[in-house]
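Reading the structure
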Amino acid sequence: MPRASRRRGEAAQRHADTLRFVLFEARPAGLLFPQLVRASDLSASQVRAGLACLRDIIAENGWPPLIWTRADGYQLGAEPAALQAYERAVLTEKLTEFRRFLTGTVAPHAAAHPGDKWVKHIIAQLNSIESTLDLVVSS
């Protein structure tokens, strides 16, 4: 993900405006990344920076969300079922990433330093977060 300074620069904001226009014109269909690059006449890195900036702008202005699906690509303002499927997919991905962090980094740290107060605290907090994410994904 680009640094915040690059995401919010004038160039990134121009790219975000271009992408918003292109995606708005494509609605209700979405555009895959290569299609978005061709339709916007931007480079791949400009599209990535513009997408990151566009997500920030959408959040600030309360506009319809931007989602991505494998079948349809990037879409603005999808229907509730598509939004829920996207949110569930992202949370499942984050839960997997989180579990790998726990088993690959935190657990070996805990095994190497079983009496460390920091490790005990972080394990308790991270187990709580994992449990919450698991509940949200499975509901």
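How each quantity is defined
- Residues numbered from 1 in each chain as written.
- Predicted model: local features only at pLDDT ≥ 70, side-chain atom pairs only at ≥ 80, totals over all residues.
- Heavy atoms only, no water.
- Pairing = 2+ DSSP bridges.
- Helix = DSSP H or I, 4+ residues; strand = E, 2+ residues; numbered from the N terminus.
- Salt bridge = Lys/Arg side-chain N within 4 Å of Asp/Glu carboxyl O.
- Buried < 20%, exposed > 50% of the residue type's maximum accessible area, 1.4 Å probe, protein only.
- Core = buried A, V, L, I, M, F, W, Y, C linked by side-chain atoms within 4.5 Å.
- Contact = heavy atoms within 4.5 Å.
- pLDDT = per-residue confidence, 0-100.
- Expected span 1.5 Å × (residues − 1).

Comments concerning the pairing of strand 2 (residues 73–76)
- Where strand 1 (residues 66–69) lies against strand 2, 4 bridges are found, and the strand directions are antiparallel. When the sheet's bridge partners are listed, tryptophan 68 is paired in strand 2 with tyrosine 74.
- Counted between consecutive antiparallel strands, the loop separating strand 1 from strand 2 contains 3 residues.

Describing the pattern of salt bridges
- The final tally for this structure, using the stated rule, is 3 salt bridges.
- Residues arginine 99 and glutamate 130 are paired through a salt bridge, measuring 2.8 Å at the closest nitrogen-oxygen approach. Separated by 31 residues along the polypeptide, arginine 99 in helix 5 (residues 80–112) and glutamate 130 in helix 6 (residues 117–138) bring together distant segments of the chain.
- Its relative accessible area of 33% is what places arginine 99 among the partly exposed residues.
- Judged by relative accessible area, which is 19%, glutamate 130 ranks as buried.
- Taking the shortest distance from any N to any O, the salt bridge between aspartate 134 and arginine 99 comes out at 3.4 Å. One end of the pair, aspartate 134, is in helix 6; the other, arginine 99, is in helix 5, and 35 residues separate them in sequence.
- Here the salt bridges do not stand alone but share partners, grouping Arg99, Glu130 and Asp134 into one network.

Quick look at the nonpolar core
- Counting residues in hydrophobic clusters, the biggest one holds 19 residues, and the most contacted among them are Leu19, Leu23, Leu36, Val47, Leu51, Leu54 and Leu66.
- Breaking this core down by element, the ones donating at least two residues are helix 2 (10–26), helix 3 (33–40), helix 4 (44–61) and strand 2.
- In this structure, valine 47 is in contact with Leu19, Phe33, Leu36, Val37, Ser40 and Leu42, ignoring residues within four places of it in sequence.
- In this structure, Phe98, Leu102, Val106 and Leu126 belong to the second largest nonpolar core, which totals 5 residues.

A look at unusual backbone geometry
- Here the bond from arginine 27 into proline 28 is cis, since omega is 0 degrees, no more than 30 degrees from zero.
- By secondary structure assignment, the location of proline 28 is in the loop between helix 2 and helix 3.
- For aspartate 41, which is not a glycine, the phi torsion comes out positive at approximately 60 degrees.
- Take aspartate 41: it is sitting in the loop between helix 3 and helix 4.
- On the basis of relative accessibility, which here comes to 72%, the residue aspartate 41 falls in the exposed class.

Let's talk about the confidence of the model for the protein
- Averaged over every residue, the pLDDT of the protein is 90; the share at 70 or more is 95%.
- Element-level mean pLDDT values for the protein span from 53 in helix 1 (residues 4–7) up to 96 in helix 3.

Re helix 6
- Across its 22 residues, helix 6 extends 32 Å between first and last C-alpha, which sits within 8% of the 32 Å expected from 1.5 Å per residue.
- At its buried positions, helix 6 is contacted by helix 5.

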